[in-house]
Each structure stands twice: as C-alpha cells, then as structure tokens.
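Here is what each chain is made of, one letter per residue.
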Amino acid sequence: MVTGTSFKLTYSTMYNPPEELHQLFDAALVKVKARLGKEHAMIIDGKERFAGEKFEDRSPADTDVLLGVFQKGTDQDAQDAISAARKAFPMWSHMKWQDRVAQVRKAADLMDQRIFEMGVVVALEAGKNRMEALGDVAETADLFRYACDRMEANQGFIVELGRDPLVGFESTNVSVLKPYGVWVVISPFNFPSALTGGPTGAALVTGNTVIMKPATDTPWTARLIAECLRDAGVPDGVFNYVSGPGSTLGQALIESPDVDGITFTGSYDVGMKIYRDFSARKWVHPTILELGGKNPAIVTRHGDLEAAATGIVRSCFGLQGQKCSACSRIFVEEPVYDTLLARLVEMTEKLVIGDPTERAVNLGPVINRSSYRDYQQFSEELQKAGHILTGGKILTEGNFARGYFCTPTLATDLPADHRLWQQEMFVPITTIARVKDLDEALQRANNVDYGLTAGIYGSTEEIEAFFDRIEAGVTYANRPQGVTTGAWPGFQPFGGWKASGSSGKNAGGVHYLQLYMHEQIHTLVRKK
Ligand code: NDP
C-alpha cells in the first residue's frame, strides 16, 4: 500500500488514485521545492565523494529551474568505487542470505516511507506526470521485495541433488548458486528509480556488491535510492553510487577488469557497444542488457474499440512516448480503421500537456534538447512521407517557453518500407497503418529487430494466434490499462527478445535472480 493511504499503486491501478494520494504528493512537492539547487555527492565506500568538476540537473519542464548540482565522476572515482565493492564482497557474500534479505527489505520499506518525496524528484527531473512518477518509486520497492521473496521461495538457491549409486560409499550432491562479485548497474533516464533500483536489489540480495551509475539527466533519483540503502544499514562499499557521463565514467566502469557482471538498461547502440567492450576480457562475464523497443498494437475487426483506443493512447503517450515499452506502431484491420482512428485522435487531443507535477497533467516535457530536436525532425519527415493526423508541433508559448514540450502525434500513410517503421523514436509519435487481416498485422508487427512488448484487441481465437506467433517478451490482450505498457513485478515480469534484450529472462520474474549467480556443485563422498 502507498504510505498514508489504503491504495495499492501499480501502473494498472494508477488511473484512479484516492484523493489523499494527491494531497500527500502536493505536500511533498512543497517540501522538495524548498530544497532545490543543492549539491549532492557521490557515495563511495559509505563516504560522500566530491569531484573537481560538477554538472547541473535542470528541470526539462523549465530549464531555468536548477534541481541540483551533481559530481562529474572521474576514472579514479570509478576505480575507487570498484575497489570498495571488491573489498566489501567477501563479507557481503558470506553473510547469511536471510540477513541480506532483511536489509534489502528494510530499504524497500524506506522507499515506501519516502515515496512522495522521491516521486516528486522523479517528476521534476524525468518530467513524468505524478502518477507515473510515484509508480516508478513504488515499482522499485516492489522489485526489491520481489527479489527477497524469490530468494526465500528458493531457500537461497541451495538444492540437494541425487546421490550417486556407489557401493561402499555415500555420495551427496548439492547445487549452490553463488554471487559473481562486483556488479555494475547503468540505468537510463526514463525509469530512473526502477531501472537503477531493480537490478541493484537483485544483485545485492544474491550477494554481489554494486556500483550504480544513473543517466546524466536523472542523477538525483538514484542518489535517493542510495540513501535508502545506506539508511537501511547496508554496509559501506556494498553499494556505491557514482554520477557522471556514460562516455567517460560509464566507459571506465565497463573497461575495468575488476568488474564481474553488468546490468545495462538503455539504447540499443550503447548496449551493443557495452556488450562488445565488456567481452574484451579473459573470459565471458555476465552481461544483462535491456534495450529499446518498437512495440506494436494490433486491433482486429473483433476488438473492443473503446478499450483499444484507451489502451493505445495510454501506451503511446505515457511519459511522452519515452518508455521502452511505448506503443509506437499500430496495425488496424480495414473494417474498423476509420472508426478507431477518429477515436484515437479525439482522445489524444484531450490529453493535458504541462508541468508534470500538476494533478491534471497527462504529458510533461521530453527529457532534453536532443529529444526535442529529434521530435521536430521526425515530425517534419512524417509530414513529407505520410500524413500527420494530430500533433507534430512543439509548444513554445507562455509556460511552455522554457521547457521541451511536444504535442502527442499520430501519423498515418507512411510507406511500409519507411525507416521510421523500424527506428525507435522515443518521443510522443506513433505511426498507424491499415492491414487486411491478422496475418498481415502479425507479419508487420514482427518485421523489426526489436521484440520488447506487444498488444492486441481481438477475439479469443485471434488472441491465441497472437500469443503463439508474436515475437516479444511481454504481451497483452484486450487491456485498456495499456496495450504495450504497464508491466509490474510479479505480474508482468519485464524483458525483451531479439534486439530488445540479452538474457531471455524477465526482470521481476521467477527466472531473474539466477542471472546474478553462478552455479557450484558440491559433491561429498564418505566411506560407508
Ligand atoms: P542511453 O543508452 O543513452 O543511456 C543509458 C545509460 O548508459 C546512461 O546512464 C548513459 O549515461 C550510459 N552510457 C552512455 N554511454 C555509455 C558508455 N559508453 N559506457 C557506459 N555507459 C554509457 O539511453 P537513454 O538514457 O536515452 O534511455 C533510453 C533508452 O533506454 C531507449 O532506447 C529505451 O528503449 C531504453 N530502455 C530500455 C528498457 C528495457 O527494459 N528494455 C527500459 C527503459 C529504457 P549518460 O546519461 O551520462 O549518457
């Protein structure tokens, strides 16, 4: 439950929050705004670490607002964080797993207690609307707890195996999963809490020690997660928080021979570079990559059009289209195409754009100048190659003048071989095509490198065919809460196929923790 309310928040329930949740968010907003602009240190070996160079964290909704000043970590900081994690590993990995679980659970409880202030920070620095921002924090606490639950359900992953059929001897065999060592977590801007915290919780509970490097656009949220771990009593060096550019600080972490495993969540290009760089070692090290998406929605003639329109608009434009799971392609069967299109346009035009901390606002700004430019270029391209049904414009007047605000955009009539059917745009733009039947829809849906999420609205038989043939890691049918978005740990474990991920096992699911450990078999023979 969200602290101070009787409400269980998930991305499915967030559309009907109780009144007190808004009041608590508003109170936290006042508190956080009173302490904007402060300097925040890194945390290495339990100590605050300052760097010579700093960088500013500014609000994408109003770039005049300085949220905080953060450290531009150096190669030396990366090395010191790795050394601290290495030093702490023997103690942490030999601690009883039940004790690690207790500490990680305590950190989850602190996140719950701090959810409103953390949610405000997410809204301010990532530009998420308040419910999405609170969801990001609530998800993190649930990811921590889910990792703890799996550890318990598997009794620390110690399993007695069969006994060898030896004459005169007793031979017992035990399988033990053990942590790898020092684990690096590099996260993107769009889920600054869940995608920093989720992998960190999994790595910690399984006995690894961690260095977290968040995106430069969202360093504050990760610092607050580090504070929850610190205040929960997780020992010095077991987790370390560094901030600074991926191209230098992140690269130094990747290139260090003292790192044993990595979880990277971010773009395909950076992820593949990390995969290659990380392989330049004496042996293969675990590399968990969670990458981009180009997620399709399919609507057949048998689909519930109202549910479809609601679920599609939510998934296309939640967080301004900047979710890896955002719905960015829509395939609609001919007989319902015109009706659905009209409804999509109508709903999209009702979305409220503005300061994401305000209660009524659905869409905040895109994250930075580079995304803002991308949006304008894609819009121009779509205008030329296809037809923009709604949107395609940036907002620059009045309160929008100092932020990166874009209108939610639906485009159609784009040739099937156009590059924008393939490229992840990561801004509030979705393209729509009519298809003659489900076969064509599935063929087009699968005709991309990515394979993250997908959704359908159709009949029972059509849904069976969809589940059977779609190439994606998370799939939804007939879901008005979001056609491709809104996964929650324990309900919809999250991960991708093909170019969307490397492990084939989803975060927040039953097979995830095992990725953070290697197996050791203990065979003990005694004479009878
Ligand atoms: P980026 O790939 O640009 O950055 C992700 C992280 O990598 C940042 O912390 C970045 O640091 C860091 N980084 C950049 N270069 C290097 C490097 N050479 N070595 C080490 N680290 C580096 O992604 P975005 O932040 O723009 O996030 C959006 C992307 O993330 C989209 O493609 C989206 O689909 C994907 N994503 C995937 C998810 C999934 O679960 N599959 C979930 C959420 C997002 P810095 O910020 O300093 O550049």
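Further up the page is the structure itself.
Described in the following lines is the structure provided in the data block. In this text the structure is predicted, and so the values were computed from the model without any measurement.

**Observations concerning the sheet that holds strand β1 (residues 38–40)**
- What the three strands build is an open sheet, ordered β1-β5-β4; its pairing is mixed. For this open sheet the edge positions go to β1 and β4 (54–59), each flanked by a neighbour on one side alone. Averaged over all pairs of adjacent strands, the angle between their axes in this sheet comes to 35°, without regard to strand direction.
- Alignment of β1 against strand β5 (residues 62–71), held across three bridges, turns out to be parallel. Among the inter-strand pairings, H40 is bridged to a residue of β5, identified as F70.

**Side note on the site of the ligand**
- Surrounding the ligand, one finds 32 residues, the nearest of these being T216, S267, L291, C324 and E424.
- Within the backbone of G266, an N or O atom sits 3.4 Å from an oxygen atom of the ligand.
- Of all the elements in the fold, those that place two or more residues in the shell around the ligand are α8 (246–255), β11 (261–265) and α9 (268–278).
- Examining the composition of the shell around the ligand, we find that five residues originate from one element, α8, more than from any other.

**Regarding helix α2 (residues 75–94)**
- Taking 1.5 Å per residue, 20 residues should reach 28 Å; α2 reaches 29 Å between its end C-alpha atoms and fits that length.
- Along α2, the sharpest kink reaches roughly 45°, centred on A88 and followed within four residues by the proline P90.
- Here α2 has its buried residues at D77, A78, A81, I82, A84, A85, A88, F89, W92 and S93.

**Overview of the side chain of D112**
- Locating D112 in the fold gives a position in helix α3 (residues 97–113).
- The buried category is assigned to D112, whose relative accessible area is 18%.
- With near-sequence residues (within four places) excluded, D112 lies in contact with T3, A141 and R145.

**A short note on a nonpolar patch on the surface**
- A surface patch of nonpolar side chains, about 230 Å² in accessible area, is lined by V159, L161 and I521.
- Along the polypeptide, L161 turns up in the loop between β6 (158–160) and β7 (169–179).
- A residue is classified by how much of its surface remains accessible, and L161, at 36% relative accessible area, is partly exposed.

**Observations regarding the sheet that holds β6**
- Sheet architecture is open: three strands sit in the order β6-β7-β24, paired in antiparallel fashion. The open sheet has two edge strands, β6 and β24 (517–527), and neither has a second partner. Neighbouring strand axes in the sheet, compared pairwise and without regard to direction, differ in orientation by 20° on average.
- Both β6 and β7 contribute to a ladder of three bridges, which runs antiparallel. Across the sheet, the residue bridging to E160 is V174, located in β7.

**Looking at the state of the cysteines**
- Per the counting criterion, the structure on display carries zero disulfides.
- No disulfide involves C228; its sulfur sits 14 Å from that of C148, the nearest cysteine.
- Owing to a relative accessible area of 0%, C228 belongs among the buried residues under this scheme.

**Section: the nonpolar core**
- Counting residues in hydrophobic clusters, the biggest one holds 99 residues, and the most contacted among them are I211 and L229.
- In terms of residue count, helix α5 (residues 130–153) provides more of this core than any other element does, eleven residues in total.
- The residues contacting I211, other than those within four sequence positions of it, are A81, I82, A85, V182, W183, V184, V185, N240, V242 and L253.
- Ranked by size, the runner-up nonpolar core spans 29 residues in total, among them F331, Y404, A411 and F466.

**Here we look at the side chain of N240**
- The topology assignment puts N240 in strand β10 (residues 239–241).
- From its side chain, N240 meets the backbone oxygen of G237 in a polar contact 3.0 Å long.
- Discounting residues that sit within four places of it in the chain, N240 has contacts with I43, I44, D45, A81, A84, A85, V210, I211 and M212.

**Here's the deal with the packing of α3 against helix α7 (residues 219–231)**
- For the pair α3 and α7, the least separation of the axes is 8 Å and the interaxial angle reads 130°. It follows that α3 is oblique to α7 by the angle criterion. Judged by the sense of rotation from one axis to the other, the crossing of α3 with α7 is right-handed. Contact residues: A107, L110 and M111 in α3; I225, C228, L229 and D231 in α7.
- A breakdown of the residues in the contact of α3 with α7 according to their chemical character gives six nonpolar, no polar and one charged.

Quick notes on the rules
Residues numbered from 1 in each chain as written. Predicted model: local features only at pLDDT ≥ 70, side-chain atom pairs only at ≥ 80, totals over all residues. Heavy atoms only, no water. Pairing = 2+ DSSP bridges. Helix = DSSP H or I, 4+ residues; strand = E, 2+ residues; numbered from the N terminus. Axes fitted to C-alpha atoms, helices over the stretch in contact; angles between N-to-C directions. Near = heavy atom within 4 Å. Polar contact = N/O pair within 3.5 Å; in protein donor to acceptor, adjacent residues only side chain to side chain. Expected span 1.5 Å × (residues − 1). Bend = angle between axes of the 7 residues up to and from the residue. Buried < 20%, exposed > 50% of the residue type's maximum accessible area, 1.4 Å probe, protein only. Contact = heavy atoms within 4.5 Å. Patch = residues over 30% accessible without salt bridge, like charges linked within 9 Å, V, L, I, M, F, W, Y side chains within 5 Å. Areas by Shrake-Rupley, 256 points an atom, 1.4 Å probe, with all protein chains shown as cover. Salt bridge = Lys/Arg side-chain N within 4 Å of Asp/Glu carboxyl O. Disulfide = S-S within 2.5 Å. Core = buried A, V, L, I, M, F, W, Y, C linked by side-chain atoms within 4.5 Å. Parallel < 35°, antiparallel > 145°, perpendicular 65-115°, else oblique. Left-handed = near helix turned anticlockwise from the far one by under 90°. Nonpolar A, V, L, I, M, F, W, Y, C, P; charged D, E, K, R; others polar.

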